[in-house]
Amino acid sequence: MKGVAQKARRVGGRRPATSQRWAKLNLLATLVRRDLEAQYKGSILGNLWPLLNQLSQLVIYTYVFSIVLKVKLSLAGFPENSNITFGVWLFAGLLPWSAFTSGLIKSGVSVVGQPNLVKKVVFPLGLLPLVPIFTAFLESSLGLAALIVIVAVSSQKLNATLCLLPLVWIPQLLLTAGLGYLTAGLTVFLRDIPQTLGVILNFWFYLTPIVYPASVIPQEWRAWIFWLNPMATISEVYRELILLGEVKHWGEWGVATLISAAIFCGGLAVYRRLRPAFADVL
C-alpha cells in the first residue's frame, strides 16, 4: 500500500497534464495488479479460479438448456445439433456478460469499501470504480483464450474477425464504467443500491439472449431488444466475431457504442458531482 500512496502523491503533484494522465494510468495498472493478487492470495490455483468459475457456469447452463430442455442450434463449421456446439455458442455470450456483471457489482461498492483512500486528499478517486472493472475484464480474458482454443479445435479454423474484438470491448467497457461510476457514487448515500442492482441484473440477464437464441424472441420485439439493450448486441457480436466470422449487426453495434458512451458520460458526471461529499459521509 505504501507504493500506491507514493504513486498517488505523484498524480496529485503539479505536473503537466500529459504526465498526470500517464501517472494515473500507471497507478490504475498498479491497483488492478494488486487487486488480482489479493483476490486469490494463498490459494493453490490462484488466478485460474476465474476460468474455473466461468467453465462451471458453462457446464451448468449447457446441461440445463441443451440436455434437459433440449435446446439445439446449428453453427456453420460445427457439429450439427451437438452439445459442444451449444456450449461454445453459450460460452461466447456468457463471457462479456460475466465481465460486465462482476465488474459492475464490485465497482458499486468500490468507494464505500475504501474509506481510507477516499479521505486522502491526493488520491484520484476517479480510479476507484475502474479497478474492479478492469480486474473482471482481465479475468474474462482467460475464458476468452480458452474459448478461442476450443473453437479452433472444433471447427479446424480461426476467423479473421477475431481482430475486431478490441472494437467490441470499447462499448463493453464504456457501459460498465458508466454504470459503475453511477452506482459507486449513489451507494455512498444510498446503501440499498448494491442489493437493488443485483435484482436489476437478474431481470437484465433473462432479457438478454445469452442462454437462449435471439430467434426465439417474437419478431416484433427482437429489434427493440438489440437496439435498446447494449449487452444483447455486445454478446451477439462476440458470437459473430468468434464463431461465425462475419458481423450481422453493424447498425446495432454502432448504436450500442453510442448508448454506452452516453451512459459513461452521464455516470461520470454524476460521480464527479457527488465526489466532494464522499469524505464527509464516510
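So, a few notes on the structure that sits alongside this text. Note that the structure is a prediction, hence the values are computed from the model and not measured. (Residues numbered from 1 in each chain as written. Predicted model: local features only at pLDDT ≥ 70, side-chain atom pairs only at ≥ 80, totals over all residues. Heavy atoms only, no water.)

### With respect to the overall build of the chain
Thinking step 1. The helix and strand tally for the chain stands at 12 helices and zero strands.
Thinking step 2. The order of helices and strands in the chain, counted from the N terminus, is α-α-α-α-α-α-α-α-α-α-α-α.
Thinking step 3. On C-alpha atoms alone, the chain measures out to a radius of gyration of 20 Å, which is about the 19 Å that the 2.2 N^0.38 rule sets for 282 residues.
Thinking step 4. By sequence separation, contacts in the chain at least 24 residues apart represent 74% of the contacts at least 6 residues apart.
Thinking step 5. On the chain, roughly 14,300 Å² of surface is accessible, and the fraction owed to carbon and sulfur atoms is 66%.
Thinking step 6. In the chain, 24 positive and 11 negative side-chain charges are present, and the distance between their average locations comes to 17 Å. (Helix = DSSP H or I, 4+ residues; strand = E, 2+ residues; numbered from the N terminus. Rg over C-alpha atoms; globule rule 2.2 N^0.38 Å. Contact = heavy atoms within 4.5 Å. Areas by Shrake-Rupley, 256 points an atom, 1.4 Å probe, with all protein chains shown as cover. Lys, Arg positive; Asp, Glu negative; His and termini not counted. Charge placed at Lys NZ, Arg CZ, Asp CG, Glu CD.)

### Things to note about a nonpolar patch on the surface
Thinking step 1. Among the surface-exposed residues, Ile60, Tyr63, Val64, Ile67, Val68 and Leu69 lie close enough to one another that they form a single nonpolar patch of about 540 Å² accessible area.
Thinking step 2. On the secondary structure map, Ile60 appears in helix α3 (residues 49–68). (Patch = residues over 30% accessible without salt bridge, like charges linked within 9 Å, V, L, I, M, F, W, Y side chains within 5 Å. Salt bridge = Lys/Arg side-chain N within 4 Å of Asp/Glu carboxyl O.)

### Focus on the nonpolar core
As a rule of thumb, soluble globular proteins bury nonpolar side chains together.
Thinking step 1. Counting 46 residues, the largest nonpolar core has Phe100, Ile242 and Leu243 as the members making the most contacts within it.
Thinking step 2. Listed by contribution, the elements that provide at least two residues to this core are α3, α4 (83–108), α6 (130–155), α7 (165–187), α8 (193–206), α9 (219–228) and α10 (230–244).
Thinking step 3. Beyond its immediate stretch of four places on either side in the chain, Ile242 contacts Leu144, Leu147, Val151, Asn159, Leu162 and Leu165.
Thinking step 4. Membership of the second largest hydrophobic core comes to 22 residues, among which are Leu28, Val131, Ile133 and Ala184. (Core = buried A, V, L, I, M, F, W, Y, C linked by side-chain atoms within 4.5 Å. Buried < 20%, exposed > 50% of the residue type's maximum accessible area, 1.4 Å probe, protein only.)

### Regarding a positive patch on the surface
Thinking step 1. The grouping of Arg21, Lys24, Arg272 and Arg275 at the surface amounts to a positive patch.
Thinking step 2. Inspection of the secondary structure assignment puts Arg272 in helix α11 (residues 250–274).

### Quick notes on the packing of aromatic side chains
Thinking step 1. Enumeration over the complete set of coordinates arrives at 12 aromatic pairs.
Thinking step 2. Ring centres 5.1 Å apart and planes at 75 degrees place the aromatic pair Phe100 and Trp204 in the edge-to-face group. Highlighted residues: Phe100 in helix α4 and Trp204 in helix α8, separated in sequence by 104 residues.
Thinking step 3. For Trp204, a relative accessible area of 19% translates into the label buried.
Thinking step 4. On the numbers, 5.0 Å between centres and 55 degrees between planes, the contact of Tyr181 with Tyr271 is tilted. One end of the pair, Tyr181, is in helix α7; the other, Tyr271, is in helix α11, and 90 residues separate them in sequence.
Thinking step 5. Looking at Tyr181, the relative accessible area reads 5%, which means it is buried.
Thinking step 6. Its relative accessible area of 0% is what places Tyr271 among the buried residues. (Phe/Tyr/Trp six-rings, centres within 6.5 Å; stacked < 30°, edge-to-face > 60°.)

Worth remembering: the numbers are spatial, not functional.
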